[in-house]
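These are the residues of each chain, in order.
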Amino acid sequence: MRQSQLFTKTRREAPADEVAKNAQLLVRAGYIHKEMAGVYSYLPLGLRTLNRIIQIIREEMDAIGGQELVMSALQDKELWSRTDRWDDAKVDNWFKTSFKSGGETGLGITHEEPLTRIMTDHVSSYRDLPVYAYQFQNKFRNELRAKSGIMRGKEFLMKDLYSFSKDDAQHDAFYAKAREAYLRVFARAGVGDKTYVTFASGGIFSEFSEEFQTISDAGEDTIYVDEEKRLAVNAEVYSGETLSKLGLDKEKLVEKKAIEAGNTFNLGTRFSEPLGLTYTDETGAKKPVIMGCYGIGPTRLMGIIVETLADEKGLVWPMEVAPFKYHLVSLGHEGDEISKLADALYDDLKKKGVDVLYDDRNARAGEKFADSDLLGMPYRIVVGKDSVATGSFEVVNRATGVVEKKSRAEILAM
Ligand code: ATP
Ligand code: MG
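The rules behind these values
- All residue numbers refer to position in the chain's written sequence, counted from 1.
- Chain labels run from A onward and ligand labels from 1 onward, assigned in the order the entries are written.
- For a predicted model such as this one, the threshold for reporting local features is a pLDDT of at least 70, and the threshold for listing and counting side-chain atom pairs is 80 or more; totals across whole chains, interfaces and linings nevertheless cover every residue.
- Hydrogens and waters are ignored; side-chain quantities use all the structure's heavy atoms.
- What counts as a helix is a DSSP run of H or I of at least four residues, what counts as a strand is a run of E of at least two, and both are numbered from the N terminus.
- When accessible area is computed with a 1.4 Å probe and restricted to protein chains, residues below 20% of their type maximum are described as buried, those above 50% as exposed, and intermediate ones as partly exposed.
- Between two residues, a contact is recorded if the distance between any of their heavy atoms is within 4.5 Å.
- Each accessible area is a Shrake-Rupley estimate made with a 1.4 Å probe; only the visible protein chains count as cover when residues are assessed.
- When charges are counted, Lys and Arg contribute as positive and Asp and Glu as negative, whereas His and the chain ends are disregarded.
- Charge placement uses NZ in Lys and CZ in Arg. For Asp and Glu, CG and CD serve respectively.
- One side-chain nitrogen of Lys or Arg within 4 Å of one carboxyl oxygen of Asp or Glu is enough to make a salt bridge.
- Throughout, the term near means that a residue has one or more heavy atoms lying within 4 Å of the molecule or strand in question.
- We define a polar contact as two N or O atoms separated by no more than 3.5 Å, with the added condition that, inside protein, one atom must be a possible hydrogen donor and the other a possible acceptor, whereas residues neighbouring each other in sequence contribute only through side-chain atom pairs.
- Polarity classes work like this: nonpolar for Ala, Val, Leu, Ile, Met, Phe, Trp, Tyr, Cys and Pro, charged for Asp, Glu, Lys and Arg, and polar for all others, with Gly in that last group.
- A pair of strands counts as paired when DSSP detects no fewer than two bridges linking them.
- A helix's residues, less one, multiplied by 1.5 Å, set its expected span.
- Note on ring pairs: Phe, Tyr and Trp rings are taken, using the six-membered ring of Trp, and paired if centres are within 6.5 Å. Classes follow the plane angle, with under 30 degrees stacked, over 60 edge-to-face and the rest tilted.
- Working convention: axes come from line fits to C-alpha atoms, limited for helices to the stretch in contact. Angles between N-to-C directions cover 0 to 180 degrees.
- If an angle is under 35 degrees, it is roughly parallel; if it is over 145, roughly antiparallel; if it lies from 65 to 115, roughly perpendicular; otherwise it is oblique.
- Rotating anticlockwise by less than a right angle from the far helix to the near helix defines a left-handed crossing, while the corresponding clockwise rotation defines a right-handed one.

The subject of this paragraph is the overall build of the protein chain. Helix and strand counts for the protein chain come out as twelve helices and 21 strands. Dimensions of the protein chain, computed from C-alpha atoms along their principal axes, come out at roughly 80 × 60 × 45 Å. In the protein chain, which comprises 414 residues, the share counted as buried stands at 52%. Sequence separation of at least 24 residues holds for 68% of the intrachain contacts in the protein chain that already meet a minimum separation of 6. Split by element, the accessible area of the protein chain, about 18,600 Å² in all, is 50% carbon and sulfur. When the 57 positive and 65 negative side-chain charges of the protein chain are each reduced to one mean point, those points stand 3 Å apart.

Pasting the structure below:
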């Protein structure tokens, strides 16, 4: 894409009302637009980034047998009343509204209820199980705190997967697989080394849930990390008893601030019982389905990546997440030798199918470099006077700052 065609502009100053580093940088770089506190729009560069994150998650969910669907945002009050999650006294973050034809509705905060009901139409025998279904969908939560930029939105994207199993053994086998898939997601997203499986409160059906917590000073959670075992315990369940159950040694734990990137939960029969999701087992007996839920916030993960990897000059995207792999920066002006050379390299890269953002604007070098640092593509390829004379280009690694000279052929082989 030619940067001269990109409608978004960068800005030098962070918006005054934005305290979170992730939102400050993403707004400055023109990736997102703040609509209201906790509500953001995703502009072309932001959407490309988000779509890459979504794609990583989709691949990993498909690899463990997930089937993608998408449910409605508008929720059925009657359904949620049956599980006792409609009442504001029970769930305090609903956005509710009403139909002109009468009756109330709410914007989905999560989707256990509707998916469980859908499954009652499709699951009747043990042969129909297990089933794993997931979606990417905007959730709506009337969050009180909105100081974390895109890490805590009132409207935000969630990947929510739900598992439906015939018994605990089938559930546990998938739960373990989901943990591995989650760890692959965070590794591919560039935050694997800072993300820990963290034991948190579990609810009625299991002692613990598992959170995937990324170490960050911007985090709202406190966790205790065992670096060697790569495990952590959330402060909410931190006690001598918990540690001995988990085989963790208090002496080895380090207190850290962290942000929850994802979590997985054993739901047992919490939703299948009240909503009548049952199956007939091998002996002909009717049993409730065992459920689990597995969430990741792709928009929150985008914020976490910014918080974790950005530096004082701007965004730093890992390869798999970057909206473009290369930022081709021409120091020429329209029609001169430099810009002809840059045009040719741009065409070559495009022909190869490489994602490249091409700064073809007639702007000063200093301004282009500052913008390039702010936008954060993994590699910057500079086409300058030298390139015309020698046929080589400066290739700058955004994360490490390492500069290499490469020929056209070497760049095309990268
Ligand atoms: P938190 O503890 O941070 O409030 P949660 O436990 O309520 O989150 P879940 O309901 O399990 O979160 O949602 C699954 C995932 O969705 C979370 O792990 C997180 O990545 C993401 N998420 C939750 N709330 C938000 C939000 N307000 N903005 C952005 N992402 C969110
Ligand atoms: Mg949580």
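The rest of the description comes next.
Let's shift gears to the pattern of salt bridges. The full count for this structure, using the stated rule, is 38 salt bridges. One salt bridge in this structure joins K139 and D160, with 2.7 Å as the shortest N-O distance. Within this pair, whereas K139 is found in strand β7 (residues 131-140), its partner D160 is found in strand β8 (residues 155-165), the two being separated by 21 residues in sequence. Where salt bridges share partners, they join R12, D359, R361, K368 and D371 into one cluster.

Contacts to ligand 1 come from 15 residues, most closely from R141, E143, G153, E260 and R300. Within the contact set of ligand 1, an oxygen atom lies 2.7 Å away from a side-chain nitrogen or oxygen of R141. Within the side chain of R152, a nitrogen or oxygen atom sits 3.0 Å from an oxygen atom of ligand 1. Within the complex, the protein chains bury 81% of what would otherwise be the 590 Å² of accessible surface of ligand 1. Elements with a contribution of two residues or more to the shell around ligand 1: β8, β13 (253-268) and β16 (290-296). Considering each element in turn, the shell around ligand 1 owes the most residues, four residues, to β13. For the shell around ligand 1, the per-class residue count stands at five nonpolar, five polar and five charged.

Mapped onto the elements, Y379 comes out in strand β19 (residues 379-383). Sequence separation between Y379 and K325 is 54 residues; the distance between their C-alpha atoms is 6.5 Å. Among residues more than four places away in sequence, those in contact with Y379 are M319, K325, Y326, H327, V395, V396, N397 and M414.

In this section: the pairing of strand β11 (residues 221-226). By the criterion of burial, β11 is predominantly enclosed, with five of the six residues buried. Pairing between β11 and β13: six bridges, direction antiparallel. Residue pairing for β13: D226 is matched across the bridge by L253. Across four bridges, the pairing between β11 and strand β12 (residues 231-234) is antiparallel. If you follow D226 over to β12, its bridge partner there is L231.

Along strand β18 (residues 356-359), one buried face is formed by V356 and Y358 and the opposite face, lined by L357 and D359, is buried too. In this structure, strand β17 (residues 326-330) lies alongside β18, joined through four bridges in parallel fashion. Looking at the pairing, Y326 lines up with V356 of β18.

Take helix α9 (residues 337-351) next. The first and last C-alpha atoms of α9 sit 21 Å apart over 15 residues, in line with the 21 Å expected at 1.5 Å per residue. Those residues of α9 not exposed but buried are I338, S339, A342, L345, Y346, D348 and L349.

Before going further, it helps to spend a moment on the packing of aromatic side chains. If you walk through the whole model with that rule in mind, you get 14 aromatic pairs. Ring geometry for Y31 and W317: centres 5.7 Å apart, planes at 35 degrees, overall tilted. Placement of Y31 in the loop between α1 (21-28) and β1 (32-36) and of W317 in the loop between α8 (298-309) and β17 is noted, with a sequence separation of 286 residues between them. For the pair Y31 and W317, a shared accessibility class is recorded, and that class is buried. Pairing Y132 with F174 gives two aromatic rings, centres 3.7 Å apart and planes at 10 degrees, and the pair type is stacked. Note that Y132 is positioned in strand β7 and F174 in helix α5 (residues 168-188), a separation of 42 residues in sequence.

Right, let's talk about the sheet that holds β19 for a bit. Judged by pairing direction, the sheet is mixed, and its five strands sit side by side in the order β18-β17-β19-β20-β21 without closing on themselves. The sheet terminates laterally at β18 and β21 (403-407), the two strands that pair on one side only. Across the sheet, the axes of successive neighbouring strands diverge by a mean angle of 25 degrees, strand direction being ignored. Where β19 and strand β20 (residues 392-397) come together, four bridges link them in antiparallel fashion. Across the sheet, the residue bridging to I381 is V395, located in β20.

Residue P130 is reached from L129 by a cis peptide bond, and omega for that bond is 0 degrees. Its place among the elements puts P130 in the loop between α4 (112-120) and β7. A positive phi angle, near 65 degrees, is found at D84, a position not held by glycine. Along the chain, D84 falls in the loop between α3 (77-82) and β5 (95-98).

Next up on the list: the packing of helix α2 (residues 44-63) against α5. Closest axis-to-axis distance for the α2/α5 pair is 9 Å, and the angle between their directions is 155 degrees. What the angle tells us is that α2 and α5 run roughly antiparallel. Remark: the crossing between α2 and α5 carries right-handed chirality. Taking contact as the criterion, the partners of I56, I57, E59, E60 and M61 in α2 are, on α5, A181, Y182, R184, V185 and R188. Considered class by class, the residues forming the contact of α2 with α5 number six nonpolar, no polar and four charged.

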